Amino acid sequence: MQFFANERVPDYHVWARAVDGELPRAYCFIGERGEVPLFVGDPTADEIELGIGIRGTEPGWEHWSDDEWTAWYETTPSESDVMAMAGRWSIDPSAIDDDTVTAPGIYGLPPPVSNTSRNDNRG
């Protein structure tokens, strides 16, 4: 099972993977605060290849130089990076063509409601 989320305003990006009830990998970056509050497990091959989510908050960070902060920040994800991770682990939602989705369900159009199935309470 995988989980992916983005929130633009606080620059919040997260992904996680659970296998057989265990959480081998989870990562969260909150750009508004410049922190990684969640860093579980080792970065996966996909994260390493994309160059994102590979560094958490490391010991001594409060004494980093500007160059060290820049190098760290370059490994933090953007919204498109979370979509890329979703594509690597599952389905990239940004690649779904909205014009071709016609089936009702979780993603797509809601089931039609007929006038006869409405409960009109007009006395």
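We now turn to the structure provided with this report. (Residues numbered from 1 in each chain as written. Predicted model: local features only at pLDDT ≥ 70, side-chain atom pairs only at ≥ 80, totals over all residues. Heavy atoms only, no water.)

**A few points about the sheet that holds strand E4 (residues 35-40)**
So, point 1. What the four strands build is an open sheet, ordered E1-E2-E3-E4; its pairing is antiparallel. Looking at the sheet topology across the chains shown, the edges are occupied by strand E1 (2-7) and E4. Between one strand and the next, the sheet's axes are offset by a mean angle of 5°, whatever the strand orientation.
So, point 2. Taken strand by strand, helix H3 (residues 79-89) contacts E1, strand E2 (12-19) and strand E3 (22-30), and its axis lies near 165° from that of E1. (Pairing = 2+ DSSP bridges. Helix = DSSP H or I, 4+ residues; strand = E, 2+ residues; numbered from the N terminus. Axes fitted to C-alpha atoms, helices over the stretch in contact; angles between N-to-C directions. Contact = heavy atoms within 4.5 Å.)

**Let's talk about the packing of aromatic side chains**
So, point 1. By the definition in use, this model includes nine aromatic pairs.
So, point 2. Between phenylalanine 4 and tryptophan 89, the ring centres sit 6.0 Å apart and the planes meet at 55°, which makes this aromatic pair tilted. Of the two residues, phenylalanine 4 sits in strand E1 while tryptophan 89 sits in helix H3, which places them 85 residues apart along the sequence.
So, point 3. Phenylalanine 4 gets classed as partly exposed once you look at its relative accessible area, which sits at 24%.
So, point 4. Among the aromatic residues, ring-to-ring pairing joins Phe29, Trp61, Trp64, Trp69, Trp72 and Tyr73 into one connected group. (Phe/Tyr/Trp six-rings, centres within 6.5 Å; stacked < 30°, edge-to-face > 60°. Buried < 20%, exposed > 50% of the residue type's maximum accessible area, 1.4 Å probe, protein only.)

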